[in-house]
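Listed below are the residues making up each chain.
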Amino acid sequence: VCLTNCLSSLCAFQQFAPAALFGLAGWSGSGKTTLAEQLITEWTARGLDVATIKHAHHEFEADTAGKDSWRHRKAGARQVLVSSAIRSAHFVEHETIEPDLAQLLNRLLPCDLVLIEGFKREAVPKMEIFRAEVGKPYLYTEDKQIIAVASDSAVPDCPLPVLDLNDIPTIADFVLQVVDLSSR
């Protein structure tokens, strides 16, 4: 039931999405970014084109102080697009309102899968990353979009699938099955 409800609510985002969507949720220090890195490596080795969207809860600096693009932004440019033969980056200063997930998805190029870290309140299927040593409660009990838990220890009485956090191929397969890319 949880999986069915979660996937039906995903339809609202699919109109904006350049790809299938899946999220990772967990407390700080649980290993979300490490798992994301490992999954991206696994999926790209299988030939998938993966994009990510990461939510930051605070001001961050992705640009390098002193570089031309940084200087352009500091001088007042609201948007700076830097491009070379191998990479481009688009920096946008948000005046007052943070863009929502649908707006961000609209900015991505087409790909196979978008892995989302953060955006806890958005209606996308998510996997909780849980480590008992972090000392925080489970998120799945409050977030109905969480459809599975990945942990490095047992998760007693969990009604959802519980996956071994260290078994990256199994987690990768699970996500691909959920987003209907299991043939990849």
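The numbers attached to residues start from 1 for each chain and follow its sequence in the written order. Predicted model: local features are reported for residues with pLDDT of at least 70 only, side-chain atom pairs are reported and counted for 80 or more only, and whole-chain, interface and lining totals are derived from all residues. Hydrogens and waters are ignored; side-chain quantities use all the structure's heavy atoms.

A. A look at the overall build of the protein chain. Helix and strand definitions follow DSSP, with helices as H or I runs of at least four residues and strands as E runs of at least two, each counted in order from the N terminus. Of the regular secondary structure elements, the protein chain holds five helices and eight strands. Beginning at the N terminus, the succession of helices and strands in the protein chain can be written as α-β-α-β-α-β-β-α-β-β-β-β-α. Buried residues are those whose accessible area, probed at 1.4 Å on protein chains only, stays under 20% of the maximum for their type, while exposed residues exceed 50% and partly exposed ones sit between those limits. Per-residue burial over the protein chain gives 41% buried out of 184 residues. Contacts were defined at the residue level, with two residues in contact if any of their heavy atoms lie within 4.5 Å. Once local pairs closer than 6 in sequence are excluded, the contacts in the protein chain between residues at least 24 apart make up 56%.

B. Seen up close, helix 5 (residues 168-178). Residues Ile168, Ile171, Ala172, Phe174, Val175, Leu176 and Val178 constitute the buried set of helix 5. Count one or two residues on from helix 5 and you reach Asp180, which has phi positive near 65 degrees.

C. Quick peek at unusual backbone geometry. Not every positive phi belongs to a glycine, and Asp157 is a case in point at roughly 60 degrees. With respect to the secondary-structure elements, Asp157 resides in the loop between strand 7 (146-151) and strand 8 (162-164). Looking at Asp157, the relative accessible area reads 78%, which means it is exposed. Here Asp180, not a glycine, exhibits a phi torsion of approximately 65 degrees, which is positive. Take Asp180: it is sitting in the segment after helix 5. Residue Asp180 is classed as exposed on the basis of its relative accessible area of 67%.

D. Inspection of the pattern of salt bridges at higher detail. A pairing counts as a salt bridge when a side-chain nitrogen of Lys or Arg comes within 4 Å of a carboxyl oxygen of Asp or Glu. Tallying each qualifying case throughout the model produces six salt bridges. Connected through shared salt-bridge partners, Glu42, Arg46 and Asp173 make up one network.

E. Local environment of the confidence of the model for the protein chain. Confidence in the prediction for the protein chain averages 86 pLDDT; 86% of positions are at 70 or higher. The pLDDT value expresses, per residue, how confident the predictor is, ranging between 0 and 100. Confidence drops under a pLDDT of 50 for residues 1-12, and excluding neighbours within four residues, the segment shows 19 contacts in the predicted structure.

F. Focus on the sheet that holds strand 7. Spatial strand order, 2-5-1-6-7-8: six strands in an open sheet with parallel pairing. The open sheet has two edge strands, strand 2 (50-54) and strand 8, and neither has a second partner. Each neighbouring strand pair of the sheet contributes to a mean axis angle of 25 degrees, computed without reference to strand direction. A pair of strands is considered paired only if DSSP assigns at least 2 bridges between the two. Here strand 7 pairs with strand 8 via three bridges, running parallel. Paired with Ser151 across the bridge in strand 8 is Asp164. Contacts from helix 2 (residues 32-45) reach strand 1 (20-25), strand 2, strand 5 (113-117) and strand 6 (126-130) within the one sheet, and its direction differs from that of strand 5 by about 170 degrees. Only C-alpha atoms enter the line fits that serve as axes; for helices the fit covers just the stretch in contact. Angles between N-to-C directions range over 0 to 180 degrees.

G. Just the side chain of Asp143, in detail. With respect to the secondary-structure elements, Asp143 resides in the loop between strand 6 and strand 7. Accessibility expressed as a relative area gives 15% for Asp143, which makes it buried. Separated by 2.8 Å, the side chain of Asp143 and the backbone nitrogen of Gln145 make a polar contact. Beyond its immediate stretch of four places on either side in the chain, Asp143 contacts Lys120 and Lys126. Any N or O atom pair separated by 3.5 Å or less is treated as a polar contact, with the protein-specific requirement of one donor-capable and one acceptor-capable atom, and with residues adjacent in sequence counted only for side-chain atom pairs.

H. Summary view of the nonpolar core. The biggest cluster of nonpolar side chains holds 27 residues, and the ones touching the most others in it are Phe22, Trp43 and Met127. Ranked by residues supplied to this core, first place goes to helix 5 with seven residues. Sequence-distant contacts of Phe22, defined by excluding residues within four places in its chain, comprise Leu113, Val114, Leu115, Ile116, Pro125, Lys126, Met127, Ile147, Val175, Val178 and Val179. By size, the runner-up hydrophobic cluster in this structure holds 12 residues, among which are Ala19, Leu101, Leu104 and Phe119. Here, nonpolar core means buried Ala, Val, Leu, Ile, Met, Phe, Trp, Tyr and Cys residues that are tied together by side-chain atoms lying within 4.5 Å of each other.

I. Looking closely at the environment of His72. Mapped onto the elements, His72 comes out in helix 3 (residues 68-75). Relative accessible area serves as the criterion here: at 46%, His72 is assigned to the partly exposed category. Residue contacts for His72: discarding those within four places in its chain leaves Ala77 and Val80.

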